[in-house]
Amino acid sequence: MPNTLHRFVLAVCLAGILSPAFAQHAETPAQHDQRMAWWREARFGMFIHWGLYAIPAGEWGGATNYGEWIRHSAQIPLETYDQFVHQFNPTAFNAEAWVQMAKDAGMKYIVITSKHHDGFCLWDSKETDFDVASTPFRRDILKELADACRKIGGVKLCFYHSIMDWHHPDYTLRRGWEKDRPLVGADRARFIIYLKNQLKELVTSYGDIGVLWFDGEWEEFWTHADGKDLYNYVRSLKPDIIVNNRVDKGRGGMAGMTSSSEYAGDFGTPEQEIPETGLPGVDWESCMTMNDNWGYNKNDLHFKTSEDLLRKLADIASKGGNFLLNIGPKADGTFPQQSIDRLRDIGAWMRLNGESIYGTSASPFHHTDWGRVTQKSLGKNSRLYFHVFDWPKSGLLEVHNLGNTVTKAYLLAGGQAVPFRKKGFSLSLQLPAAAPDPVNTVIVVEIKGAPEVFHTPQIEAYHTEFISAMEVALSLPGRQGKAVLRYTTDGTTPGPKSAVYRGPFKINKNTLVQARSFVGKTPVSETAQQQFTRVTPPAPASIEGAVPGIKAVYYEGNWDKLPDFKTLKPVGEEILPSPGTGRMAGKDHYGIVFEGYIDIPADDIYRFILASDDGSRLYVNNRLVVDNDGLHGAREVGGAVPLLKGLNAIRIEFFEKSGDESLSLSFESRNGSLKVRWRCVL
Ligand code: FHN
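All values derive from a computational prediction rather than experimental measurement.

Reading the values: rules and limits
Residues numbered from 1 in each chain as written. Predicted model: local features only at pLDDT ≥ 70, side-chain atom pairs only at ≥ 80, totals over all residues. Heavy atoms only, no water. Helix = DSSP H or I, 4+ residues; strand = E, 2+ residues; numbered from the N terminus. Rg over C-alpha atoms; globule rule 2.2 N^0.38 Å. Buried < 20%, exposed > 50% of the residue type's maximum accessible area, 1.4 Å probe, protein only. Contact = heavy atoms within 4.5 Å. Lys, Arg positive; Asp, Glu negative; His and termini not counted. Charge placed at Lys NZ, Arg CZ, Asp CG, Glu CD. Salt bridge = Lys/Arg side-chain N within 4 Å of Asp/Glu carboxyl O. Pairing = 2+ DSSP bridges. Expected span 1.5 Å × (residues − 1). Bend = angle between axes of the 7 residues up to and from the residue. Right-handed = clockwise from strand over helix to strand, strands pointing away. Axes fitted to C-alpha atoms, helices over the stretch in contact; angles between N-to-C directions. Parallel < 35°, antiparallel > 145°, perpendicular 65-115°, else oblique. Left-handed = near helix turned anticlockwise from the far one by under 90°. Polar contact = N/O pair within 3.5 Å; in protein donor to acceptor, adjacent residues only side chain to side chain. Phe/Tyr/Trp six-rings, centres within 6.5 Å; stacked < 30°, edge-to-face > 60°. Lys NZ or Arg CZ within 6 Å of the ring centre and 35° of its normal. Near = heavy atom within 4 Å. Areas by Shrake-Rupley, 256 points an atom, 1.4 Å probe, with all protein chains shown as cover. Nonpolar A, V, L, I, M, F, W, Y, C, P; charged D, E, K, R; others polar.

Participant: What is the right way to look at the overall build of the chain in this model?
Facilitator: Broken down by element type, the chain carries 10 helices and 35 strands. Against the globule reference of 26 Å for 682 residues, the chain gives a C-alpha radius of gyration of 28 Å, in line with a compact fold. Projected onto the principal axes, the alpha-carbon positions of the chain cover approximately 80 × 80 × 60 Å. Looking at the chain as a whole, 55% of its 682 residues qualify as buried. Contacts in the chain between residues at least 24 apart in sequence constitute 68% of all its contacts with a sequence separation of at least 6. Across the chain, 75 positive and 80 negative side-chain charges occur, with their mean positions spaced 7 Å apart.

Okay, here's the thing in structure tokens:
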């Protein structure tokens, strides 16, 4: 880019006009919205994990619980796994049938694994022979899917592409158990050229590719600089392509959201989970399996019901997200019947109710007990879609905090009018006796203007326990117009004469704080409640012969969650300056129990942030304060506890299964982060 242009772009970025993230592909918010428009409209897509791993179908060495990770998890040597190339012959593969099933299910895009971690390519790549052209099948699967998408229309083709590559000799990070694949001659720079050349093939050879869905970015092989560079590279090949946040290093584990704007990627990627709430102004997509595996596992019959999947779709859309629902095709090229059945059920619902999903945005309500809400702007006015999961027995569906005039209400499927009464801020809908669709009946509520919803007030404090006094603040999220916030601390429900909130207040005894919004004398929100408790923390410990550091006791085992370490025999121990993986670093299948004391500087409430990959738990004075257990990528979880000045007992339990590992504990008090001294007893 000529120097003058650099200065221009930099100046415009600094002016906050262009997105600051990546100068070469900076775009105005309007340009970004235009690029994201089809994806935001789509809301629902099909994920396809397909490759050589469909041949063993989850079985190896007597075990039956593998998926697409089978080569790594079952520790299959490369030359053994490569034999699958000579068996891959999905003669029943029919690209048009796949695309039609996606379209009939209401899905607007397909994301298929062009290359998963095993390195096998589903297209005829000039860059390698470890691809479909080397199989008995020979046909270019991605080309056939691209042709089918063009022919059928209405479904955009997208590619999942793994950065992590267990096959290519230049991917300079071998599996921990691969002792027979030396790195001699491996060239990291050459791998990145390979990666880029293949991406160029994918982005320029198969027509209008909508999304590049990267994955496998978490290993230390890949850096933030690589991520920014690759994002810019693919955008230079196809400026309107959309790229997920796993191109870079900003994803916070399975929660999938990008931690800061310095990281590349156009949307967040929660995996197998749905965020608690929507994130205004943030694009994200939850990806999920129908059973427990991404790749085909013939023994995995643990399929989610169609009802569950349909409600997840509505839940995700009600939070402003996309739903990417996975299929793991069989080695013969067909979809599992259980997947076909669910796609059919979802399609039947979408044909009647798709308007309540496509192009909608997040609910204006923070919470509705009976189901979910999505919304769509109609220019000056708006349309709310009430997704009713739990049909009220009374036949009345009510919301009490809607400021708008309601002009019309009807069933989306069939258009039958729904009688309603709007009194003040309360809307009552008179529903048919029985739910037309017991899974999710959608009622359209048309309103004047943009939604004006009075949210439940929020009660904020550093913690719900305190030692001597606590400051409490109240807030009214969102647009509150004419609403006034009233509250009580005497256990009574706030009324039109209760105290008006004018700013934070202190409490010094057990107190139930309640808060509610009013317009005039009319309550326009639910009542928020929070109990605050005055406590006397455990007396600090007095220990003889304490030494600096924390004791780490090591165990060996292969777990998916924290074991009961008391039943296990340690394999060693050492004193570490602070919690970490110590001499187990880089190994697989181990656990650590840390025991020691932290020297607390003053009586106060302290927040602990425990970050780990895989699972961990933190106990303070034998009380569980943080539970971060489970099989997950790097993830941090916080917890708070009141403590007295002096030595307080700490116990941390941690396990690592395989792959990446990490463990750290940080501390905060109300005055900010804290450095503490570790003590332990030999
Ligand atoms: O390791 C992969 C896994 O095989 C699968 O592809 C999922 C789907 O997003 N992504 C990674 C796990 O986070």
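Participant: How should the pattern of salt bridges be read in this particular structure?
Facilitator: Pairs can form between side chains of opposite charge once their charged atoms are near each other. Applying the stated criterion across every chain yields a total of 41 salt bridges. Ionic pairing is found between arginine 150 and aspartate 147, a salt bridge with its closest N-O pair at 2.6 Å. With arginine 150 and aspartate 147 both in helix H6 (residues 141-152) and three residues apart, this pair spans about one turn of that helix. We classify arginine 150 as exposed; its relative accessible area is 53%. With a closest N to O distance of 3.2 Å, aspartate 627 and arginine 617 form a salt bridge. In this pair, aspartate 627 sits in strand E30 (residues 623-628) while arginine 617 sits in strand E29 (residues 616-620), placing the two residues 10 residues apart along the sequence.

Participant: Quick question: what am I supposed to make of the pairing of strand E12 (residues 420-423) here?
Facilitator: For a regular strand, side chains alternate in direction, first toward one face of the sheet and then toward the other. Pairing of E12 with strand E13 (residues 426-430), which is carried by four bridges, proceeds in the antiparallel orientation. If you follow arginine 421 over to E13, its bridge partner there is serine 428. In textbook terms, the turn of a hairpin is the stretch between consecutive antiparallel strands, and for E12 and E13 this stretch comprises two residues, one of which, glycine 424, has a positive phi near 65°.

Participant: Explain helix H2 (residues 29-42) here, please?
Facilitator: Given 3.6 residues per turn, any residue in an α-helix points the same way as the ones three and four places further on. Taking 1.5 Å as the rise per residue, H2 with 14 residues should run 20 Å; its terminal C-alpha atoms sit 20 Å apart, in good agreement. In H2, a bend of some 50° at methionine 36 exceeds every other bend along the element. Turning to H2, its buried residues number three or more, namely His32, Arg35, Met36, Trp39 and Ala42.

Participant: For this particular structure, what's the right way to read the pairing of strand E4 (residues 209-215)?
Facilitator: When you tally the buried positions in E4, you get seven out of seven residues, the bulk of the element. The pairing of strand E3 (residues 156-162) with E4 spans five bridges and is parallel. Note on E4: the bridge partner recorded for leucine 157 is isoleucine 209. Read from E3 through helix H7 (residues 188-205) to E4, the crossover connection turns out right-handed. Alignment of E4 against strand E5 (residues 242-243), held across two bridges, turns out to be parallel. Paired with valine 211 across the strands is isoleucine 242, a residue of E5. What joins E4 to E5 is helix H8 (residues 224-237), and the crossover it makes is right-handed.

Participant: What exactly am I supposed to notice about unusual backbone geometry here?
Facilitator: Note on backbone geometry: most residues besides glycine have negative phi, and most peptide bonds are trans. At the junction of aspartate 613 and aspartate 614, the peptide bond is cis and its omega measures out at 20° in the coordinates. If you trace the backbone, aspartate 614 turns up in the loop between strand E28 (604-613) and E29. Non-glycine residue arginine 43 carries a positive phi angle of around 65°. Relative to the elements of secondary structure, arginine 43 occurs in the loop between H2 and strand E1 (44-48).

Participant: Just checking my understanding: could you explain the environment of glycine 265 for this structure?
Facilitator: Mapped onto the secondary structure, glycine 265 falls in the loop between E5 and strand E6 (285-288). With a relative accessible area of 24%, glycine 265 lands in the partly exposed category. Between the C-alpha atom of glycine 265 and that of serine 318, which follows or precedes it by 53 residues, the distance is 23 Å.

Participant: Honestly, the packing of helix H5 (residues 95-104) against H6 in this entry has me stumped. Any pointers?
Facilitator: Describing two packed helices takes the angle between their axes plus the distance from one axis to the other. Where H5 meets H6, the axes come as close as 8 Å, and the angle between the chain directions of the two elements is 50°. Viewed along their axes, H5 and H6 adopt a mutual orientation that is oblique. In terms of crossing hand, the pair formed by H5 and H6 is right-handed. Between H5 and H6, the residues in contact are Ala95, Glu96, Trp98, Val99, Gln100 and Lys103 and Glu144, Leu145, Ala148, Cys149, Lys151 and Ile152, respectively.

Participant: Could you clarify how one ought to interpret the side chain of glutamate 653 in this entry?
Facilitator: Mapped onto the elements, glutamate 653 comes out in strand E32 (residues 646-656). In terms of polar contacts, glutamate 653 uses its side chain to reach the side chain of arginine 651, at 2.5 Å.

Participant: For this particular structure, what's the right way to read the sheet that holds E1?
Facilitator: Across the sheet, seven strands lie side by side as E5-E4-E3-E2-E1-E7-E6; this open sheet has parallel pairing. Pairing within the sheet leaves two strands with one partner each, and these edge strands are E5 and E6. Strand direction decides the pairing type here: E1 and strand E7 (residues 322-327), joined by five bridges, are parallel. Within E7, the position partnered with phenylalanine 44 by the bridge is phenylalanine 323. Running over the sheet, H6 touches strand E2 (109-115) and E3 and is turned about 155° from E3.

Participant: It is not clear to me how the packing of aromatic side chains should be interpreted in this structure. Could you clarify?
Facilitator: In this description, a pair of aromatic rings is defined by centroid distance and the angle of the planes. Counting across every chain of the model gives 35 aromatic pairs. Residues tyrosine 160 and tryptophan 213 carry aromatic rings whose centres are separated by 5.8 Å and whose planes lie at 15° to one another, so their mutual orientation is stacked. With a gap of 53 residues between them, tyrosine 160 in strand E3 and tryptophan 213 in strand E4 connect regions that are remote in the sequence. Judged on exposure class, the residue tyrosine 160 and its partner tryptophan 213 are both buried. Here the guanidinium or amino end of lysine 108 rests over the ring plane of tyrosine 358, the centre of that ring lying 4.4 Å away. The side chain of lysine 156 reaches across the aromatic face of tryptophan 38, ending 5.2 Å from its centre.

Participant: Is there a simple way to explain the site of the ligand in this structure?
Facilitator: Neighbouring the ligand are 15 residues; His49, Glu68, His117, Asp215 and Glu271 lie closest to it. Contact between the ligand and glutamate 271: an oxygen atom at 2.7 Å from a side-chain N or O atom of the residue. Burial of the ligand by the protein chains amounts to 95% of its free accessible area of 330 Å². Class assignment for the residues of the shell around the ligand results in eight nonpolar, three polar and four charged.

Participant: Any chance you could explain the sheet that holds strand E20 (residues 505-507) here in plain terms?
Facilitator: Strands pair in a sheet through their backbones, by hydrogen bonds, and they do so in one of two ways: parallel or antiparallel. Read across the sheet, three strands follow the order E15-E17-E20 without closing on themselves; strand pairing throughout is antiparallel. At either margin of the open sheet sits one strand with a lone partner, and together these are strand E15 (458-460) and E20. Averaged over all adjacent pairs, the angle separating strand axes in this sheet is 35°, with direction ignored. In this structure, strand E17 (residues 470-475) lies alongside E20, joined through three bridges in antiparallel fashion. From the neighbouring strand, valine 472 faces E20, where its bridge partner is phenylalanine 505.

The values reported here are purely geometric and, on their own, carry no functional implication.
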